[in-house]
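Reading the structure
Below are the chains, spelled out letter by letter.
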Amino acid sequence: MFLTCMETVTKELVSWMRGHESSVFSISVHASGKYAITTSSDTAQLWDLDTFQRKRKLNIRQSVGIQKVFFLPLSNTILSCFKDNSIFAWECDTLFCKYQLPAPPESSSILYKVFAVTRDGRILAAGGKSNHLHLWCLEARQLFRIIQMPTKVRAIRHLEFLPDSFDAGSNQVLGVLSQDGIMRFINIQTCKLLFEIGSLDEGISSSVISPHGRYIACIMENGSLNIYSVQALTQEINKPPLPLVKVIEDLPKKKLSSSDLKMKVTSGRVQQPAKPRGSKIQTRILKQDLTGDFESKKNELPDGLNKKRLQILLKGYGEYPTKYRMFIWRSLLQLPENHTAFSSLIDKGTHVTFLNLQKKYPIKSRKLLRVLQRTLSALAHWSVIFSDTPYLPLLAFPFVKLFQNNQLICFEVIATLIINWCQHWFEYFPNPPINILSMIENVLAFHDKELLQHFIDHDITSQLYAWPLLETVFSEVLTREEWLKLFDNIFSNHPSFLLMTVVAYNICSRVPLLNCNLKDDFEFFFHHRNNLDINVVIRQVYHLMETTPTDIHPDSMLNVFVALTKGQYPVFNQYPKFIVDYQTQERERIRNDELDYLRERQTVEDMQAEVDQQRVEDEAWYQKQELLRKAEETRREMLLQEEEKIIQQRQRLAAVKRELQVKEMHLQDAARRRFLKLQQDQQEMELRRLDDEIGRKNLTGNQAAVAKEMRADADAYRRKVDLEEHMFHKLIEAGETQSQKTQKVIKENLAKAEQACLNTDWQIQSLHKQKCDDLQRNKCYQEVAKLLRENRRKEIEILNAMVEQEAKKWKEAEGKEFCLRSAKKASALSDASRKWFLKQEINAAVEHAENPCHKEEPRFQNEQEDASCLPRTSHLNDSSEMHPSTQISLNRRAVEWDTTEQNLIQKVRNLRQRLTAQARHRCQTPHLLAA
């Protein structure tokens, strides 16, 4: 969503203001016209109307919506009203939260929808979907009255205070538009229904009241527009203002409840005080004071103000109240507010003289520049003299800045100032008003001859010490507050007061002026602000007004104040018409000459442009021809290079063909030789294959015999192992049976001894077992490493044996047969040893069963003793006489030798299979190559 700002006169787009995501339903503009607040359902944004940039943004939670955000009149306070009935006041410049209104009483709580504020910003009226109105005092920040509307009112759609010229902004009449389309106007103090507009048949959709409170414009529900005259509706509004002196009563200290605040709206005639029966009314005839009546009528102003009273107030306070200054000025100057006449002047557009105003008077604010340009153009259209007045922008600028939001008032204030306070200024046009400056010099000569003589000694004329102050109306030498205070007094007195102010300013500045000796210092002094108290200057002006002789007093030469006429503005022709006409003619002639010059210059520029265009085209044609010629030469060179490349490629192609023919001949010769060699190799391979098959058949027969013999040995060995296991299990069962019998007898006696020795026996056995395992594992590692080396050596010998002669192979087979017989002898010894060991163990178990308490003699000795008890090699055949430990060691060695022998036999078989596969592969390769 965005807002568009349009120029009302030119109807042109000035700016777009973006930032709202939802539709905007409220726009509030500050009294100065510098800021504006736009409100939507989710946010409110503060805009700077000079730059059309967003200054701040008010964000709220989605659960709390915004009802309305607006400026309070004549203040810098922003009021924000939310859907939860919370109302906050913010400072406009700093956006600091000033206060929050308390929650209304629960008994009368309503959801606020519509709001209205009096012109002085003191009272806030709020209403919603109810027939109750809440009136808040913003100064005391409390709810001071609840008004109950008639029962016909169920909801309030719009609230607006009716302005009044006599109430100084504290509006007393409130217009209430309800859901039935009727707008009722009530007095918020007496709660009386004054009048109402609209009806059930012709309801009001929306309404607005004119700034002066004289008319009410309503859009009806049927689409028509009705305008009502407030003066014709009721006489209640036209009664005189209340007395200025009022008695202030203290509020009760107790807290007011909602019932105490609530008042009902009543209708009917105004209540009059009852007359006492017994008293007699006295009447007196007052004589008419003709002089006082005439003086009163003379000082009576249009809006009910009295000039004499205002002057007394001004002398007492030195200035008018800021809040009512503009209102008092409009009353003093008796502005007619001719909207139609002013619109006709504005419709003529910007005057030619002020089209480039920003070049001579650069102003930062675009809005202020447009208002100044429009006001000066209206003055120029009103009287032609103002189009040639060089100091008019300086004269009008302070009033334009003050009334930039109301251009009609701005124009009429400047026009009134020119007619009354600028009398005789244009008689010596275009020169400064010599007659006016002479009046000022005469007054200065009468009151301060020393200062005037100082000006004369340094060649300083009234055009330097008086005219700069007049043409800028003191705006260059005073601050805003000082300037406003000065013009409060100027507008309240005779037009000669302005000339006396010039004299008073010089007299009050006589000390620094007497110290100035250079002309530049004087010029600087009268064009810049100085350290001067404006109150002293104003008092000096009043003194000069009273003490100046009549023969040199400016009021005898200037006319009294004359207001602008209503309807149409008066004709302003107080200037030498022939000079203005001559200047207008000269300016017109100069403008025509300038137009002729511009036309001729345009013609020359057009001709020069055509010549330049023709020259550019000719240069482009020549450049194009040169480029074409260069391109043609480049193409010819490229063709010659391509032909040379083709000739070189043909020569290289012929050489490549010759090389290919030679290579082809060599390849054919090599293929023939390779084919002959391949046939020869195939024949040799076939012969070798036949030899290998013959040898393999012989080996296969021998291997079958050996395999049969080995299977028989394996069966015998398996039967032997089964027998030994059966005897061992029998031994175990006998021991377990005897142990169970013995356990029952000695269980109680040996329980403690067994428990004490158990841990020790386990540790000893574990250490002994670990030691035996370590010795056995080390020995096994060494024997395995030795066997691995022996196996590798034997594999090498086997490979060499396969290559050697057939006789050597038979010799190796006889050696292996001898080894096999030795292994069988060792196996027999191992069997005898195990049988002897089992027999001894069975005997020991029988003896233990017969005598359990008999101490068993040690049966095992260390390895040295075992070695000493071993029989000689000559007695190995007698297994019955061999020691058991020796027999066990021999049996272990015999088993290891059997395992080694079996591994060697398996490796020999694997080696033979690999050699056979390699021989077969060699025999098959020639066939594959031949295929």
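A few points on the structure. Nothing here was measured: the structure is a model prediction, and the numbers come from that model.

1. Here we look at the sheet that holds strand β15 (residues 156-162)
Overall, antiparallel pairing links the four strands, which are arranged β15-β16-β17-β18 in an open sheet. At either end of the open sheet lies a strand with only one pairing partner, and these are β15 and β18 (193-197). With direction set aside, neighbouring strand axes in the sheet form an average angle of 20°. Here six bridges tie β15 to strand β16 (residues 173-178), and the two strands are oriented antiparallel to one another. Residue F161 lies in a different strand from β16, and its bridge partner there is L174.

2. Let's talk about a positive patch on the surface
There is a patch of like positive charges on the surface, built from K34, K55, R56 and K364. For K364, the position within the fold is in the loop between α7 (357-360) and α8 (366-382). Note on K364: relative accessible area 85%, which makes it exposed.

3. Thoughts on the packing of helix α11 (residues 434-447) against helix α12 (residues 449-457)
One way to put it is that α11 packs onto α12 with a least axis distance of 6 Å and a crossing angle of 125°. Compared by their axis directions, α11 and α12 come out oblique. Each of E441, L444, A445 and H447 in α11 lies in contact with α12, whose residues at this interface are K449, L451, L452 and F455. Split into classes, the residues belonging to the contact of α11 with α12 amount to five nonpolar, one polar and two charged.

4. Quick notes on helix α5 (residues 325-333)
Inspection of α5 places R325, I328, W329, S331, L332 and L333 among the buried residues, and these make up the whole buried set. Looking at the buried positions of α5, the neighbouring elements they touch are α4 (307-317), α9 (392-402), α10 (407-421) and α15 (480-491). Where α5 terminates, the next one or two residues include Q334, which has phi positive at roughly 50°.

5. With respect to α11
The end-to-end C-alpha separation of α11 is 20 Å, in line with the 20 Å expected for 14 residues at 1.5 Å each. Structurally, α11 contributes buried residues whose contacts are with α12, α13 (462-465), α14 (467-471) and α16 (496-508).

6. A word on the sheet that holds strand β4 (residues 35-40)
Hydrogen bonds between backbone atoms are what pair the strands of a sheet, whose relative direction is either parallel or antiparallel. On the basis of which strands lie adjacent, the open sheet formed by four strands has the order β3-β4-β5-β6 and antiparallel pairing. Where the open sheet ends on each side, the last strands, each with one partner, are β3 (24-29) and β6 (53-59). Ignoring which end each strand starts from, the neighbouring axes of this sheet average 20° apart. When β4 meets strand β5 (residues 43-48), the two strands line up antiparallel, connected through five bridges. The residue bridging T39 from the neighbouring strand is A44, located in β5.

7. Topic: the packing of aromatic side chains
One pass over the full model with this rule turns up 33 aromatic pairs. A ring pair is formed by F185 and F195, whose centres lie 4.5 Å apart and whose planes are at 15°; its orientation type is stacked. Note that F185 is positioned in strand β17 (residues 183-187) and F195 in strand β18, a separation of ten residues in sequence. One aromatic cluster is present, built from ring pairs that chain together F342, W382, F386, Y391, F411, W425, F426, W467, Y569 and F572. Between K68 and the ring centre of F70, over which it is positioned, the NZ or CZ distance is 5.1 Å.

8. Things to note about the environment of V352
The residue V352 is located in the loop between α6 (339-347) and α7 in this model. A relative accessible area of 51% places V352 in the exposed class. Between the alpha carbons of V352 and S377 there is a distance of 8.3 Å; along the sequence they are 25 residues apart.

9. A short note on the pattern of salt bridges
Scanning all chains against the criterion turns up 20 salt bridges. A salt bridge links R601 to E605, with the nearest nitrogen and oxygen atoms 3.8 Å apart. Here R601 and its partner E605 are both found in helix α20 (residues 577-803), four residues apart, which amounts to about one turn of the helix. Since its relative accessible area comes to 38%, R601 is described here as partly exposed. Looking at E605, the relative accessible area reads 40%, which means it is partly exposed. Salt-bridge contacts for K677 lead to D681; the nearest nitrogen and oxygen are separated by 3.1 Å. With K677 and D681 both in helix α20 and four residues apart, this pair spans about one turn of that helix. Overall, the relative accessible area of 51% leaves K677 in the exposed class. Residues joined by salt bridges that share partners form a network here, namely D120, R122 and E139.

10. A few points about the pairing of β6
Looking at chain direction, β5 and β6 are connected through six bridges and run antiparallel. The residue of β6 that forms the bridge with A44 is L58. The hairpin formed by β5 and β6 contains four residues between the paired strands, and F52 there has a positive phi angle of roughly 55°.

11. Comments concerning the environment of Q67
As for its placement among the helices and strands, Q67 is situated in strand β7 (residues 66-71). Here the alpha-carbon distance between Q67 and C81, two residues 14 residues apart in the chain, equals 5.5 Å. Residues contacting Q67, with those up to four places away along its chain left out, are F25, C81, F82, K83, Y112, K113 and F115. Side-chain polar atoms of Q67 contact the backbone oxygen of Y112, separated by 3.2 Å.

12. Here's the deal with the packing of α8 against α9
Across the interface, α8 lies against α9 with an axial gap of 10 Å and an inter-helix angle of 125°. Relative to α9, the element α8 lies oblique. The two elements α8 and α9 meet at a crossing, and its hand is right-handed. Residue-level inspection shows L368, V371, L372, T375, L376 and L379 of α8 in contact with α9, the latter providing L392, P393, A396, F397, V400 and K401. Across the contact of α8 with α9, the residue classes tally to ten nonpolar, one polar and one charged.

What counts, and at which threshold
- Residues numbered from 1 in each chain as written.
- Predicted model: local features only at pLDDT ≥ 70, side-chain atom pairs only at ≥ 80, totals over all residues.
- Heavy atoms only, no water.
- Pairing = 2+ DSSP bridges.
- Helix = DSSP H or I, 4+ residues; strand = E, 2+ residues; numbered from the N terminus.
- Axes fitted to C-alpha atoms, helices over the stretch in contact; angles between N-to-C directions.
- Patch = residues over 30% accessible without salt bridge, like charges linked within 9 Å, V, L, I, M, F, W, Y side chains within 5 Å.
- Areas by Shrake-Rupley, 256 points an atom, 1.4 Å probe, with all protein chains shown as cover.
- Salt bridge = Lys/Arg side-chain N within 4 Å of Asp/Glu carboxyl O.
- Lys, Arg positive; Asp, Glu negative; His and termini not counted.
- Charge placed at Lys NZ, Arg CZ, Asp CG, Glu CD.
- Buried < 20%, exposed > 50% of the residue type's maximum accessible area, 1.4 Å probe, protein only.
- Parallel < 35°, antiparallel > 145°, perpendicular 65-115°, else oblique.
- Contact = heavy atoms within 4.5 Å.
- Nonpolar A, V, L, I, M, F, W, Y, C, P; charged D, E, K, R; others polar.
- Expected span 1.5 Å × (residues − 1).
- Phe/Tyr/Trp six-rings, centres within 6.5 Å; stacked < 30°, edge-to-face > 60°.
- Lys NZ or Arg CZ within 6 Å of the ring centre and 35° of its normal.
- Polar contact = N/O pair within 3.5 Å; in protein donor to acceptor, adjacent residues only side chain to side chain.
- Left-handed = near helix turned anticlockwise from the far one by under 90°.

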